[in-house]
Amino acid sequence: SFESIPGDIFQLGNTSYRILKIEQGRVLVEDAKGMPPNIPFWFGEAPSRSAELSVAVSRLRAEADRRLAAGEDLGTWLSGTLKLDAAAAQQLAEYLTAARAALGSLPTQQTIIFERFFDETGDQHFVIHSPFGARINRAWGLALRKRFCRKFNFELQAAALEDSIVLSLGATHSFPLEEPAKYLSPATALDVLSQAVLAAPMFGTRWRWVTTTALAVRRNRNGKRMPPAFQRADAEDLVALIFPDQLACAENLAGAREVPDHPLVRQTLKDCLHEVMDADGFLKVLERLQSGELKVIARDLASPSPLAQEILIARPYAFLDDAPAEERRTLAVQSRGVMSIEEAGSLAELDPEAIARVRSEVWPSARDADELHDALMVAGFLTDAEGARGNPDDALDTGWSRLFDELRHARRATRAGLAGGGGIWVAAERLHEYLAVFPGATLEPALEPLHEVSAPAREDALRELVRSRLEMSGPVTVKVLSDLLGLNSGEIEFALLALEAEGGVMRGRYTAGITETEWCERRLLARIHRYTLKRLRSEIEPVAPADYLRFLFDWHGIGAERADGPAALAAALEQLEGFSAPAAAWEGDILAARVGDYASYMLDQLCAGGSVTWMRLVPPRNDGDERRAGPVRGTPIAFVARDASHHWRALTESPEAAALNLSHPAQTVHAALQQRGALFFSDLVQITGLLRTQVESALGELATWGLAASDTFAGLRALITPAGKRAPLARSARYRLRRGIAPGVNEAGRWALTPKPVIAGTTLSNAEALTHLAEVLLRRYGVVFRKVLERENGLPSWRELLYIYRRLEARGEVRGGRFVDDFAGEQFALPDAVGALRAIRKQQRDGTLVSVSAADVLNLTGIITPGQRVPVQGENRVLYRDGVPVALQIAEEVKFLADVTPETEWALRNSLLRRKRILTSGTIQ
């Protein structure tokens, strides 16, 4: 490059070189011994192989393909006829054999192969195997990238090498795999390529080269060489004068850039099109494609083929855009390494068990009328036959007809008759879509659509119904969908094409034995591809409920080895964010079980520092004239991160003070806090003129209704402590210290009113709050599904959370699948949790005993494990052995759930009845 100076390091192929001297057009270099280049990749170009060499490579592949098809030993031919070394011949033979097994053929200059596969995040990559050389492939990749940009309005990352091109697709790209062969026409491809070159890094490089060669940009000044940065600036100033559209703001451009008829611009374009690239050879390839002389084979694979590995790890000189190497989408593709012929051959076939598994996971499960209503909302509709069958995976399921009758009686759903016989179950909330498709449908019972907006267009309504159906069907043909709705295939196919244009569904042949084109929702297809990969099978194999509980004990740090210190307490509160538990159980049973050296001052410090705050998320019921004297030990309290408290307030229905029958002291204190803001206890006494005991009682009443809270937990701790165990408010601090009495309500920091939510209620419009809640539940349980959330209070419906988890799965942040056995419906897990579950399953059960409070979030007896549920009270406890409950303590009565000997009874009773005492300035005893 003309901008290089001695000492610069550049890279060609896999080797780095240091420039020693530049003179008379010659560059003397030395090996840089692997040092990284300091010249950006777009300042230099890797040499491309000649057209003759590309023809020889194609001829070699064609001969290898012919011999493999005839069943001959390729290694013998390579070593015998071509005189290759035996080891090299064997390696090349295995490579080409595996590639042919995956692709069905070897790409040549007579047969090119289109390959598409998913990466680990659910995105797709499109690879063109075309052994025409880098100059032609670079032109094809740039032009095709520009065509994709215009068609889908999405800038792609692309790269090109001697034998292949890769385009990393986004979520909006859904098309038949053979279709890109028709995206470019020989008549217009040169114009498209010229526009693509203008936005490529190579144009700037060649422009600087041409302008300096033409002496339009100075190389030297006053006998000294111009610094490269100054040369670049001068070149940009010159292009701004000659070709202003090249540097113009994109917002001011309408249509294609107008290329001026200037000799410098013409020369730059000529260099890019005919030196860096081979535009003439590219047009000939397109002419062969258009005439059918060049054959195209399309292959949807579960994982990249052996021939695609090279382009996925290509060096920066192959990039066709300016995205740096560390931001390439191809980094998300996990290489399978060396594949056997059997493994390569299985890439083109989706596992039938994976397809059946995904269909089973997404099919709704209904145990009551509310769950059936959610299923109708998600699926759009169910037929009579599907409703009568119920959940096919459950042998005890006798169908949902009784549940549907409850919905019809409550006028929450109706049955619509089909013209060809049979009927469809539709939820009242989606009735407007069904009536838009079937305006004269007979409804039993007759319902009016709930939506006040005007009825949607028939095409839009049908598209939404088909979209919902695909979300819980897996791969399905047009005929199956048309039979379900009683419509002709043309209407269904039109709706599917509209969804394909949005990128939501994809078509292909996925199920073995089906020759018709199938359609599948993009997210489910990505999951099927993941399940097909053998290496992921161990990660997604479901574990037993007992193993899931063992995982949860480790996930929460409950066991023999507990973490210590304020950091451990902060981590525990982060996991338990938003969980409501009895106030007295937090320190004595929940936090002490997770932090080895827990002391109450640690919690007060976290609250006072502003990291967390406590609040009541489940306010008591307003009983008219009933007054709440103050919080008691069983009052449900939750800890939340202070910077996320607005999300929790948005999801909580807090009462209005004016609507409550507050006592006079409570009203006085509420008015003072409303007017003055946060106040200390002593300030409240002085401002209100009330007695100290009256202010304490008023604060307790406000805290009970969830209207006020203090800076630290000491205030609530004092309020729930029995009066006989508290020192009088008038006593000095020395008195309390001498007798080991905890700080009182007057030493809890400032008291303030709980801010009102900006958005109330758990609606889908409050997306940020619901997304935060979904992420919190993932941190708490590692694996989230409907059943495990039954202990949670005030959650939105599972349907609302389901949409959020599906979006997180589509973004690659969570994994969807079946992780815990014996529970129907979709399950979602954090990537770290998947590995931890696998490790737990491999651990042998050694009889580990874990005792948890019934108020703890891990009290899942009767939910995850069979048996009776233990009432959520601090004095009740559950003892688990290897994740299985073996003993319960309910109201001081111990009940053993398994046969025990006198020798083991004492050990179990001792583990169950263990108690801890909180020290105000020390640790747990």
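The model shown is predicted, which means the values in this text are computed figures rather than measured ones.

S.K.: Can you lay out the overall build of the protein chain for me, pointing to particular residues and giving the numbers?
M.R.: Within the protein chain, the secondary structure is distributed over 35 helices and 30 strands. Of all 925 residues assigned to the protein chain, the portion counted as buried reaches 51%. Sequence separation of at least 24 residues holds for 70% of the intrachain contacts in the protein chain that already meet a minimum separation of 6. Carbon and sulfur atoms form 51% of the exposed surface of the protein chain, whose accessible area is close to 41800 Å².

S.K.: Requested: an account of the sheet that holds strand β11 (residues 382-383), with residues and values cited.
M.R.: Taken in spatial order, the four strands make up an open sheet running β11-β13-β12-β14, and their pairing is antiparallel. Each edge of the sheet is formed by a strand with only one pairing partner; in this case those strands are β11 and β14 (443-444). Where β11 lies against strand β13 (residues 423-427), two bridges are found, and the strand directions are antiparallel. The partner of L382 across the bridge, within β13, is W425.

S.K.: Outline the packing of helix α22 (residues 545-555) against helix α34 (residues 831-842), supporting the account with residue identities and numerical values.
M.R.: The packing of two helices is summarised by the inter-axis angle and the distance between the axes. Direction vectors running N to C along α22 and α34 enclose 120°, while the axes themselves pass 9 Å from each other. With respect to α34, the axis of α22 lies oblique. Of the two possible hands of crossing, α22 and α34 adopt the one that is right-handed. Contacts between α22 and α34 involve D547, Y548, R550, F551, D554 and W555 from the first element and D832, A833, A836, L837 and I840 from the second. When the residues that make up the contact of α22 with α34 are grouped by side-chain class, the tally is seven nonpolar, no polar and four charged.

S.K.: So what's going on with the sheet that holds strand β19 (residues 612-615)? Residues and values would help.
M.R.: Across the sheet, three strands lie side by side as β18-β20-β19; this open sheet has antiparallel pairing. Each of the sheet's edge strands pairs with one partner strand only, and the pair in question is β18 (581-582) and β19. Sheet analysis places β18 next to strand β20 (residues 636-641), joined by two bridges and oriented antiparallel. Note that in β20 the partner of P582 across the bridge is P636.

S.K.: Tell me about the nonpolar core, and name the residues and values.
M.R.: The nonpolar side chains of a soluble globular protein tend to be buried with one another. Membership of the largest hydrophobic core comes to 109 residues, with the highest contact counts inside it found for Y548 and Y805. Residue contributions to this core peak at eight residues, all from helix α32 (residues 767-781). In contact with Y548, not counting residues within four places along its chain, are V543, Y781, V783, F785, V788, V820, L837 and I864.

S.K.: I'd like a description of unusual backbone geometry, backed by residues and values.
M.R.: In the segment running from E444 into P445, the intervening peptide bond is cis, with an omega of -5°. Within the element layout of this structure, P445 appears in the loop between β14 and α17 (458-470). In this structure, R411 takes a positive phi of about 60° despite not being glycine. Within the fold, R411 resides in the loop between α15 (401-409) and β12 (413-417).

S.K.: I'd like a description of the packing of aromatic side chains, backed by residues and values.
M.R.: This model, assessed by the stated rule, comprises 19 aromatic pairs. For the ring pair F175 and Y183, a centre distance of 6.4 Å and an interplane angle of 65° mean the geometry is edge-to-face. As far as the burial class goes, F175 and Y183 line up, both buried. Feature note: the residues F114, F126, F148, F175 and Y183 constitute an aromatic cluster, connected by ring pairs. Just above the ring of F175 sits the side chain of R116; from NZ or CZ to the centre is 5.3 Å. The residue whose ring lies beneath R328 is F319, and the NZ or CZ to ring-centre distance is 3.9 Å.

S.K.: Which residues make up helix α18 (residues 478-485), and what are the values?
M.R.: For the α-helix, the turn length of 3.6 residues means that residues three or four positions removed from each other point alike. Taken together, the buried positions of α18 are V478, L481, S482, L484 and L485. The buried residues of α18 all sit within an arc of 160° when viewed along its axis, so they share a single face. Once α18 ends, the next one or two residues include G486, with phi positive near 70°.

S.K.: Hey, could you go over helix α8 (residues 263-276) for me, with residue numbers and the actual values?
M.R.: The terminal C-alpha atoms of α8, which comprises 14 residues, lie 18 Å apart, in line with the 20 Å expected from a rise of 1.5 Å per residue. Listed in full, the buried residues belonging to α8 are L264, V265, T268, L269, D271, C272, L273 and V276. On its buried side, α8 packs onto α4 (134-152), α5 (189-198), α6 (201-213), α7 (228-242) and α9 (279-291).

S.K.: Give a detailed account of the confidence of the model for the protein chain, specifying residues and quantitative values.
M.R.: A low pLDDT means the predicted coordinates there should not be read in detail. Residues at a pLDDT of 70 or more form 86% of the protein chain, whose mean pLDDT is 81. Strand β24 (residues 783-784) holds the highest mean pLDDT among the elements of the protein chain, 94, whereas helix α21 (residues 537-540) holds the lowest, 50. Below pLDDT 50 for its whole length, residues 759-765 participates in 14 contacts with residues either more than four positions away or in separate chains.

S.K.: Account for the packing of α5 against α9, with residues named and values stated.
M.R.: Close contact between α5 and α9 brings their axes to 10 Å; oriented N to C, the two are set at 135°. Overall, the two elements α5 and α9 adopt an arrangement that is oblique. As α5 packs across α9, the resulting crossing turns out to be right-handed. From α5, A189, L190 and L193 reach across to α9, where they touch A279, F282, L283 and L286.

S.K.: Describe the pattern of salt bridges, listing the residues and the values that go with them.
M.R.: Under the defined criterion, the tally for this structure stands at 56 salt bridges. E444 is the salt-bridge partner of R415, the closest N and O atoms lying 3.9 Å from each other. Within this pair, whereas R415 is found in strand β12, its partner E444 is found in strand β14, the two being separated by 29 residues in sequence. Residue classification places E444 among the partly exposed residues on the basis of a relative accessible area of 39%. A salt bridge links E826 to R527; the nearest nitrogen and oxygen atoms lie 3.1 Å apart. Taken together, the residues span a long stretch of sequence, with E826 in the loop between β25 (815-817) and β26 (827-829) and R527 in helix α20 (residues 522-532) at a distance of 299 residues. Residue class for E826 comes out buried when judged on its relative accessible area of 5%. One salt-bridge network, held together by shared partners, links R357, E361, E471, E521, R523, R527, R806, E809 and E826.

S.K.: Could you give an account of the pairing of β12, naming the residues involved and the relevant values?
M.R.: Here β12 runs beside β13; their pairing, made up of five bridges, is antiparallel. In the strand pairing of β13, T414 is matched with V426. Sheet topology places β12 next to β14; two bridges connect them, and they run antiparallel. Counterpart to A416 in the pairing with β14 is L443.

S.K.: If you had to explain the environment of E120 to someone new, which residues and values would you point to?
M.R.: Tracing the backbone shows E120 in the loop between β4 (111-118) and β5 (124-129). For E120 and A526, which are 406 residues apart along the polypeptide, the C-alpha to C-alpha distance reads 8.7 Å.

S.K.: Quick rundown of a nonpolar patch on the surface? Include the residues and the values.
M.R.: Taken together, the side chains of I22, V27 and V29 make up a nonpolar region of the molecular surface, amounting to roughly 210 Å² of accessible area. Take I22: it is sitting in strand β2 (residues 15-23).

S.K.: Describe the side chain of H529, and please don't skip the residues or the numbers.
M.R.: Note that H529 resides in helix α20. Apart from the residues within four sequence positions on either side, H529 is in contact with F118, L301, A302 and L350.

S.K.: Give a description of the side chain of R61 that names residues and reports values.
M.R.: Residue position: R61 is located in helix α1 (residues 51-69). According to the relative accessible area criterion, R61 is buried, its value standing at 12%. Not counting chain neighbours up to four residues away, the residues in contact with R61 comprise L106, P107, T108, P131, D163 and L307.

The rules we used
Residues numbered from 1 in each chain as written. Predicted model: local features only at pLDDT ≥ 70, side-chain atom pairs only at ≥ 80, totals over all residues. Heavy atoms only, no water. Helix = DSSP H or I, 4+ residues; strand = E, 2+ residues; numbered from the N terminus. Buried < 20%, exposed > 50% of the residue type's maximum accessible area, 1.4 Å probe, protein only. Contact = heavy atoms within 4.5 Å. Areas by Shrake-Rupley, 256 points an atom, 1.4 Å probe, with all protein chains shown as cover. Pairing = 2+ DSSP bridges. Axes fitted to C-alpha atoms, helices over the stretch in contact; angles between N-to-C directions. Parallel < 35°, antiparallel > 145°, perpendicular 65-115°, else oblique. Left-handed = near helix turned anticlockwise from the far one by under 90°. Nonpolar A, V, L, I, M, F, W, Y, C, P; charged D, E, K, R; others polar. Core = buried A, V, L, I, M, F, W, Y, C linked by side-chain atoms within 4.5 Å. Phe/Tyr/Trp six-rings, centres within 6.5 Å; stacked < 30°, edge-to-face > 60°. Lys NZ or Arg CZ within 6 Å of the ring centre and 35° of its normal. Arc of directions from axis to C-beta. Expected span 1.5 Å × (residues − 1). pLDDT = per-residue confidence, 0-100. Salt bridge = Lys/Arg side-chain N within 4 Å of Asp/Glu carboxyl O. Patch = residues over 30% accessible without salt bridge, like charges linked within 9 Å, V, L, I, M, F, W, Y side chains within 5 Å.

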